[in-house]
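Single-letter residue listing:
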Amino acid sequence: MSNDKHHHHNAVGKLSRKLYEEQLTRLHVEFVRLQEWVVHKGLRVCVVFEGRDGAGKGGTIKAMTERVSPRVFRVVALPAPTQREKSQMYAQRYIPHLPAAGEIVIFDRSWYNRAGVERVMGFCTEEQAKHFLQMIPGIEKSMVDSGIILLKYWLEVGPEEQTRRLETRIGDGRKTWKLSDMDLKSYSRWFDYSRARDEMFLASDTSWAPWHVVHSDDKRRARLNVLSHMLGKIPHQKLARAKIELPKRQHRDGYKETDYPFRVIPEVF
């Protein structure tokens with residue numbers, strides 16, 4: 001990532017909350033339309049989010065899934081592999097999560113763990129990492145050939161902004177869970193991650209499954225850009241809807257309110 005790109009990007013200025021909310025609302029309406037289309041057409045969509053710690057993957061995924069059905073937009077954020085999973089073929093634990101008809105599966109980190117954190121932090125051997133990078137284009141090709149729409153996003157955050165974000169996680173009770181021991185251990189290895197990322201791009205940026213890079217120092221702008229890009233990458237149309245009217249309610253027919261002593265929660269507010 002060249003630095004001048006960052007400077008040019010920051011020159012635009014941070015996006016105001018007001019404008020962000022307006023645009024996000026507009027995109028949310030479009031995502032509901034996309035959802036209806038995906039279900040109607042039985043499309044299978046797989047979206048991969050990768051990036052450094054603090055790059056904004058979680059926030060982007062939340063912005064995307066806020067207003068849609070969790071049965072259609074399924075977020076997959078796998079824990080560390082178990083002993084049994086470690087003994088499997090590497091891609092095996094990810095395969096069951098791939099989308100069926102009418103599903104959009106979003107990976108909050110993915111099989112690319114092997115090219116990133118596992119490689120940098122020594123959870124796999126160099127040999128395993130190299131083997132993964134050789135093998136993954138073929139696996140992704142078979143996914144795409146089977147009809148899956150595969151989108152891969154890399155969120156790129158600058159070193160100063162990463163530091164700022166990780167520091168805010170220390171004092172904010174809502175964010176402390178976002179700073180794991182692993183994040184702390186890997187924080188110092190900025191350039192190891194840069195090297196790992198560069199090799200990952202070289203090996204897996206293919207014509208059938210290209211990487212889309214997002215500069216996320218301005219997280220609001222980044223979220224809107226990702227959502228907008230995704231809508232452009234999944235061709236969809238607005239489905240005609242019949243005018244919706246609520247039906248009449250049935251008659252009481254002798255029903256009486258129960259006097260069962262329910263435990264009503266205390267009104268604290």
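Values in this document were obtained by computation on a predicted structure and should not be read as measured data. (Residues numbered from 1 in each chain as written. Predicted model: local features only at pLDDT ≥ 70, side-chain atom pairs only at ≥ 80, totals over all residues. Heavy atoms only, no water.)

Q: Which residues make up the overall build of the protein, and what are the values?
A: Secondary structure assignment for the protein yields ten helices and five strands. Principal axes of the C-alpha set define a box for the protein whose edges measure 75 × 45 × 45 Å. Taking all 269 residues of the protein together, the buried fraction comes to 42%. Considering only contacts in the protein between residues 6 or more positions apart, those separated by 24 or more positions represent 80%. (Helix = DSSP H or I, 4+ residues; strand = E, 2+ residues; numbered from the N terminus. Buried < 20%, exposed > 50% of the residue type's maximum accessible area, 1.4 Å probe, protein only. Contact = heavy atoms within 4.5 Å.)

Q: Lay out helix α9 (residues 190–204) with the relevant residues and their values.
A: Given 3.6 residues per helical turn, the α-helix brings residues three or four places apart onto the same face. Between its first and last C-alpha, α9 extends 21 Å over 15 residues, near the 21 Å set by a 1.5 Å rise per residue. Within the span of α9, buried status applies to W190, Y193, S194, A196, R197, M200, F201 and S204. Against the buried residues of α9 lie α5 (117–120), α6 (126–145), β4 (149–156), α7 (159–171), α8 (181–187) and β5 (211–215). (Expected span 1.5 Å × (residues − 1).)

Q: Which residues make up the pairing of strand β3 (residues 103–108), and what are the values?
A: The element β3 is extensively covered by neighbouring structure, given that five of its six residues are classed as buried. Summarising the sheet, strand β1 (residues 44–51) and β3 pair through six bridges and their orientation is parallel. Note on β3: the bridge partner recorded for F49 is D108. For strand β2 (residues 73–76) and β3, the ladder comprises four bridges, and the chain directions are parallel. Opposite V76, over in β3, you have F107 as the bridge partner. (Pairing = 2+ DSSP bridges.)

Q: Could you give an account of the packing of aromatic side chains, naming the residues involved and the relevant values?
A: Under the definition given, this model contains 14 aromatic pairs. Seen in terms of ring centroids, Y90 and Y94 are 5.8 Å apart; in terms of plane orientation they differ by 55 degrees. Their pairing is tilted. In this structure, Y90 and Y94 share a single accessibility class: buried. When the ring of Y90 is compared with that of F132, the centres are 5.5 Å apart and the planes differ by 85 degrees; the resulting orientation is edge-to-face. Taken as a pair, Y90 in the loop between α4 (83–87) and β3 and F132 in helix α6 lie far apart in primary sequence, 42 residues in all. A single burial state applies to Y90 and to F132, both of which are buried. Through successive ring pairs, a cluster of aromatic residues spans Y90, Y94, F107, W111, Y112, F132, W154, F201 and W211. (Phe/Tyr/Trp six-rings, centres within 6.5 Å; stacked < 30°, edge-to-face > 60°.)

Q: I'd love a proper account of the pairing of β5, names of residues and values included.
A: With four of five residues buried, β5 lies mostly within the body of the structure. Bridging between β4 and β5 involves five bridges; their strand directions are parallel. Across the sheet, the residue bridging to Y153 is H212, located in β5.

Q: Just give me the short version of the confidence of the model for the protein, but keep the residues and values in it.
A: Confidence along the protein averages 94 in pLDDT terms, with 96% of residues attaining 70 or more. Taken together, the stretch residues 2–11 has pLDDT below 50 and engages in ten contacts with residues farther than four places along the chain or on a different chain. (pLDDT = per-residue confidence, 0-100.)

Q: Can you tell me about the pattern of salt bridges, naming the residues and giving the values?
A: Applying the stated criterion across every chain yields a total of 23 salt bridges. Of the charged contacts, one joins D53 and R109 as a salt bridge, the two residues approaching to 2.9 Å between their closest N and O atoms. Of the two residues, D53 sits in the loop between β1 and α3 (57–65) while R109 sits in the loop between β3 and α5, which places them 56 residues apart along the sequence. Note on R109: relative accessible area 25%, which makes it partly exposed. (Salt bridge = Lys/Arg side-chain N within 4 Å of Asp/Glu carboxyl O.)

Q: Give me the lowdown on the environment of V68, citing residues and values where you can.
A: Its location among the elements puts V68 in the loop between α3 and β2. Since its relative accessible area comes to 12%, V68 is described here as buried. Sequence separation between V68 and W154 is 86 residues, and the spatial gap between their C-alpha atoms is 23 Å. Beyond its immediate sequence surroundings of up to four residues, V68 is in contact with F31, V32, Q35 and F73.

Q: Could you give an account of the environment of L27, with specific residues and numbers?
A: Position of L27 relative to the elements: it lies in helix α2 (residues 17–41). For the pair formed by L27 and L224, sequence separation is 197 residues and the distance between their alpha carbons is 7.8 Å. If sequence neighbours within four positions are ignored, L27 has contacts with L224, L227, S228 and L231.

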